[in-house]
Amino acid sequence: YASRNLGTDTLLWLALRTGWDNRLRVDELLDLFYTTYFGAAGDDMRAVYERIEQHMAASDVVSTAAGNVPRLYPASLLDECLAEIEGARRKVREDPLILARMARDVNCLEATRLWLQYWSALGNLNDTGRAETASPQ
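Residues numbered from 1 in each chain as written. Predicted model: local features only at pLDDT ≥ 70, side-chain atom pairs only at ≥ 80, totals over all residues. Heavy atoms only, no water.

S.K.: Hey, could you run me through the overall build of the chain in this one?
M.R.: Scanning the chain for helices and strands turns up 6 helices and 0 strands. Looking at the chain residue by residue over its 137 residues, the buried ones come to 34%. Considering only contacts within the chain whose residues lie at least 6 apart along the sequence, 55% involve residues at least 24 apart. (Helix = DSSP H or I, 4+ residues; strand = E, 2+ residues; numbered from the N terminus. Buried < 20%, exposed > 50% of the residue type's maximum accessible area, 1.4 Å probe, protein only. Contact = heavy atoms within 4.5 Å.)

S.K.: For this particular structure, what's the right way to read helix α5 (residues 75–91)?
M.R.: Across its 17 residues, α5 extends 25 Å between first and last C-alpha, which sits within 8% of the 24 Å expected from 1.5 Å per residue. Among the residues of α5, those classed as buried are A75, L77, L78, C81, L82, I85 and A88. Seen end-on, α5 carries its buried residues on one side only, within an arc spanning 150°. Every exposed residue of α5 that faces more than 90 degrees away from the buried side is listed here: A83 and R90. Contacts made by the buried residues of α5 are with α3 (42–58), α4 (69–72) and α6 (96–128). (Expected span 1.5 Å × (residues − 1). Arc of directions from axis to C-beta.)

S.K.: What is the right way to look at the packing of helix α1 (residues 8–20) against helix α2 (residues 26–38) in this model?
M.R.: Each pair of packed helices can be described by the angle between their axes along with the distance between the axes. Two elements in contact, α1 and α2, have axes separated by 11 Å at closest approach and are oriented at 130°. What the angle tells us is that α1 and α2 run oblique. At the point where α1 passes α2, the crossing takes the right-handed sense. Where α1 abuts α2, its residues D9, T10, W13, L14, R17 and T18 lie against V26, L29, L30, L32, F33, Y34 and Y37. Classifying every residue of the contact of α1 with α2 by side-chain character gives 9 nonpolar, 2 polar and 2 charged. (Axes fitted to C-alpha atoms, helices over the stretch in contact; angles between N-to-C directions. Parallel < 35°, antiparallel > 145°, perpendicular 65-115°, else oblique. Left-handed = near helix turned anticlockwise from the far one by under 90°. Nonpolar A, V, L, I, M, F, W, Y, C, P; charged D, E, K, R; others polar.)

S.K.: Where do I start with the nonpolar core in this structure?
M.R.: Generally speaking, soluble globular proteins have nonpolar side chains that are buried together. F38, A41, M45, I85, M102 and L109 are the most contacted members of the largest nonpolar core, which totals 29 residues. Among the elements of the structure, α2, α3, α4, α5 and α6 are those that each provide at least two residues to this core. With near-sequence residues (within four places) excluded, M102 lies in contact with F38, A41, M45, I85, A88, R89 and V92. (Core = buried A, V, L, I, M, F, W, Y, C linked by side-chain atoms within 4.5 Å.)

S.K.: What is the right way to look at the pattern of salt bridges in this model?
M.R.: Close approach of charged atoms allows side chains of opposite charge to pair. This structure, assessed with the given rule, holds 12 salt bridges. Here D9 ties to R104 by a salt bridge, and the two come within 3.0 Å at their closest N and O atoms. Highlighted residues: D9 in helix α1 and R104 in helix α6, separated in sequence by 95 residues. We classify R104 as partly exposed; its relative accessible area is 24%. We note a salt bridge from R46 to E50, for which the minimum N-O separation is 2.8 Å. (Salt bridge = Lys/Arg side-chain N within 4 Å of Asp/Glu carboxyl O.)

S.K.: Looking at this model, I keep getting lost on the environment of Y73. Mind explaining?
M.R.: Residue position: Y73 is located in the loop between α4 and α5. By relative accessible area, which is 17% here, Y73 ends up buried. Sequence-wise, Y73 and R113 are 40 residues apart; in three dimensions their C-alpha atoms are separated by 8.3 Å. Setting aside anything within four residues of it in sequence, one finds Y73 in contact with M56, L78, T112, W115 and L116.

S.K.: Quick question: what am I supposed to make of the environment of A75 here?
M.R.: If you trace the backbone, A75 turns up in helix α5. Separated by 34 residues in the primary sequence, A75 and L109 place their C-alpha atoms 9.8 Å from one another.

In structure tokens form, the structure reads like this:
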């Protein structure tokens, strides 16, 4: 795959493991995944992933059409997740592989912030005819 967005490695790992043996329990697999993949930061990173998943599941949004993006990924959620990852980084600061994995997730969240800015600017341009950028909510 060309892109490794937040959660891609988790999804692929789960798909392969459950494809190999569909009797495996996802919760137990996730316990193994997060502690192995993120080491001492595993619980923190799982909390980040689950926070995003819970927010999306509780939302009534079903697509990433322009108006839905800020509701799917509110800036406050991104800020909270980035702060949580920053705290988790300190737990694994001696492990360059885990730090690289976490950096990829940070990049994904930062790119999502840029995506929010894009949709905000596009909406503003379509609504007003001006290219000024508004802060995403």
